[in-house]
Amino acid sequence: MRRWFVPLLGSIVLLGCASSSGDAPRGSEDHGATEPAPASQSPVRTEPIADVDASFAPSLPSTSDPPLLQGDFEAPSAACDGWRGEGTHTLRSVPPHSGEYACRVCTTSDAPDSAIENRAGLVPAGRYQLTAWVRAHPTRPAPEGASATIEARTASGTRVVTAPIVVGTDYAQITVTIDLEAPADVLRVRVGALSPAKAEQCILVDDVVLERVR
């Protein structure tokens, strides 16, 4: 019995050496490829965060002012949501740019100024922008062009800025901007047919917005 003990012990020692050669244990074999972390990745550092009482957190200022005037023409009305017709007759109509309705603006005569208009009261100095979406009425004659206008009445006088657009069979946006170095008593805005427009020519106007942008 003694002469078999030593070789057997030597085999056990050799097996122990082979299992410690750096190979992964059988139970931890890798069965799928994994992308290694980038070599330049630095270890994540964590630092304690001080307790903050939310009730004393400062409120962030608003990034933009609410619109001064809007016209989406969705509410039922005899005209178009309080937008007064000037040299026109107005009515809710389709197709809209958004929602369910637009405002149909038709000239009543060969008037040089036929539009829907609205007004904002006292406003501070700044930049003001008027945008509107306009297209030809699908079943009525249309003028060749339309325009959007901002008229500002200030202490130094009245300023008027107008932007024209060609009227097509799809909605297109008109944008007009005015910079006021001083407050204005009134901002008057108009969207309508570009002169010379003939009687009973119609456009559709939708999504009118007047806002301060700076």
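Our subject is the structure listed above.
Quantities reported herein were computed from a predicted structural model and do not represent experimental measurements. (Residues numbered from 1 in each chain as written. Predicted model: local features only at pLDDT ≥ 70, side-chain atom pairs only at ≥ 80, totals over all residues. Heavy atoms only, no water.)

**Some points on the overall build of the chain**
Which entries qualify depends on this criterion: Every helix listed is a DSSP run of H or I at least four residues long, and every strand listed is a run of E at least two residues long, numbered separately from the N terminus. A simple rule labels every residue: compare its accessible area, found with a 1.4 Å probe on the protein chains alone, to the largest value its type can have, and call it buried under 20%, exposed over 50%, or partly exposed in between. Whether two residues touch is decided by their heavy atoms; if any such pair falls within 4.5 Å, the residues are in contact.
Of regular secondary structure, the chain possesses one helix and eleven strands. Beginning at the N terminus, the succession of helices and strands in the chain can be written as α-β-β-β-β-β-β-β-β-β-β-β. Counting across all 214 residues of the chain, residues that qualify as buried make up 32%. For the chain, long-range pairs separated by at least 24 residues make up 73% of all intrachain contacts whose partners lie at least 6 apart in sequence.

**Considerations on the state of the cysteines**
Condition: When the sulfur atoms of two cysteines come within 2.5 Å, that pair is taken as a disulfide.
Enumeration over the complete set of coordinates arrives at two disulfides. There is a disulfide in this structure between cysteine 80 and cysteine 103, and the S-S distance comes to 2.1 Å. Between cysteine 80 and cysteine 103, the disulfide has an S-S torsion of 95° and is therefore right-handed. Placement of the pair is cysteine 80 in the loop between strand E1 (69-71) and strand E2 (84-86) and cysteine 103 in strand E4 (residues 102-107), with a sequence separation of 23 residues.

**Quick look at unusual backbone geometry**
Cis peptide bonds are those with omega within 30 degrees of zero, and the linkage from valine 94 to proline 95 qualifies with 5°. Inspection of the secondary structure assignment puts proline 95 in the loop between strand E3 (88-93) and E4. Positioned with a positive phi, aspartate 207 is a non-glycine residue whose angle comes to about 50°. Relative to the assigned elements, aspartate 207 resides in strand E11 (residues 202-212).

**Here we look at the pairing of strand E7 (residues 145-154)**
Definition in use: One bridge is not enough; two strands pair if DSSP finds at least two bridges between them.
For E7, the tally of buried residues reaches eight of ten residues, placing the bulk of the element in the interior. Direction of pairing for E7 relative to strand E8 (residues 157-166): antiparallel, over a ladder of ten bridges. Bridge pairing in E8 links alanine 146 to isoleucine 165. Counting the residues between successive antiparallel strands, the hairpin from E7 to E8 contains two residues. Examined bridge by bridge, E7 and strand E10 (residues 184-193) share nine bridges and lie antiparallel to one another. Of the residues in E10, the one forming a bridge with threonine 149 is arginine 190.

**Some points on the side chain of glutamate 86**
For clarity, the threshold we go by: Under this definition, polar contacts are N or O atom pairs within 3.5 Å; protein pairs additionally need one hydrogen-donor-capable and one acceptor-capable atom, and for neighbouring residues in sequence, both atoms have to be side-chain atoms.
By the secondary structure assignment, glutamate 86 is in strand E2. A polar contact is formed between the side chain of glutamate 86 and the side chain of arginine 188, at a distance of 2.5 Å.

**What about the environment of cysteine 103?**
Judged by relative accessible area, cysteine 103 falls into the buried class, the value being 0%. The spacing of cysteine 103 and glutamate 74 is 29 residues in sequence and 9.1 Å in space, taken between C-alpha atoms.

**Here's the deal with the packing of aromatic side chains**
In this description, an aromatic ring pair is defined by two values, namely the gap between the centres and the angle between the planes. Filter applied, for reference: Pairing of aromatic side chains requires ring centres within 6.5 Å, counting the rings of Phe and Tyr and the six-membered ring of Trp. Pairs whose planes differ by under 30 degrees are stacked, by over 60 edge-to-face, and all others tilted. Each ring is checked for a lysine NZ or an arginine CZ that lies within 6 Å of its centre and within 35 degrees of its normal; such an atom marks a charge sitting over the ring.
In total, this model carries one aromatic pair according to the counting rule given. Judged by centre distance (6.4 Å) and plane angle (70°), the rings of phenylalanine 73 and tryptophan 83 are edge-to-face. Here the residue phenylalanine 73 occupies a position in the loop between E1 and E2, and tryptophan 83 occupies one in the loop between E1 and E2, the gap between them amounting to ten residues. No difference in accessibility class separates phenylalanine 73 from tryptophan 83, as the two residues are buried. We note arginine 92 situated over the ring of tyrosine 101; from NZ or CZ to the ring centre the distance is 3.9 Å.

**Quick word on the pattern of salt bridges**
As a reminder, the rule being used: Salt-bridge detection follows one rule: a side-chain nitrogen of Lys or Arg within 4 Å of a carboxyl oxygen of Asp or Glu.
Per the stated rule, a full pass over the model turns up nine salt bridges. The partner of arginine 84 in a salt bridge is glutamate 117, and the shortest N-O contact between them spans 2.9 Å. You can see arginine 84 sitting in strand E2 and its partner glutamate 117 sitting in strand E5 (residues 114-120), a full 33 residues away along the chain. Using a relative accessible area of 44% as the deciding quantity, one classes arginine 84 as partly exposed. When its relative accessible area of 5% is taken as the criterion, glutamate 117 is described as buried. A salt bridge links glutamate 86 to arginine 188; the shortest N-O distance between them is 2.5 Å. Residue glutamate 86 is located in strand E2, and its partner arginine 188 is located in strand E10; the two are separated by 102 residues in the primary sequence. Accessibility expressed as a relative area gives 14% for glutamate 86, which makes it buried. The exposure class of arginine 188 is buried, given its relative accessible area of 13%.

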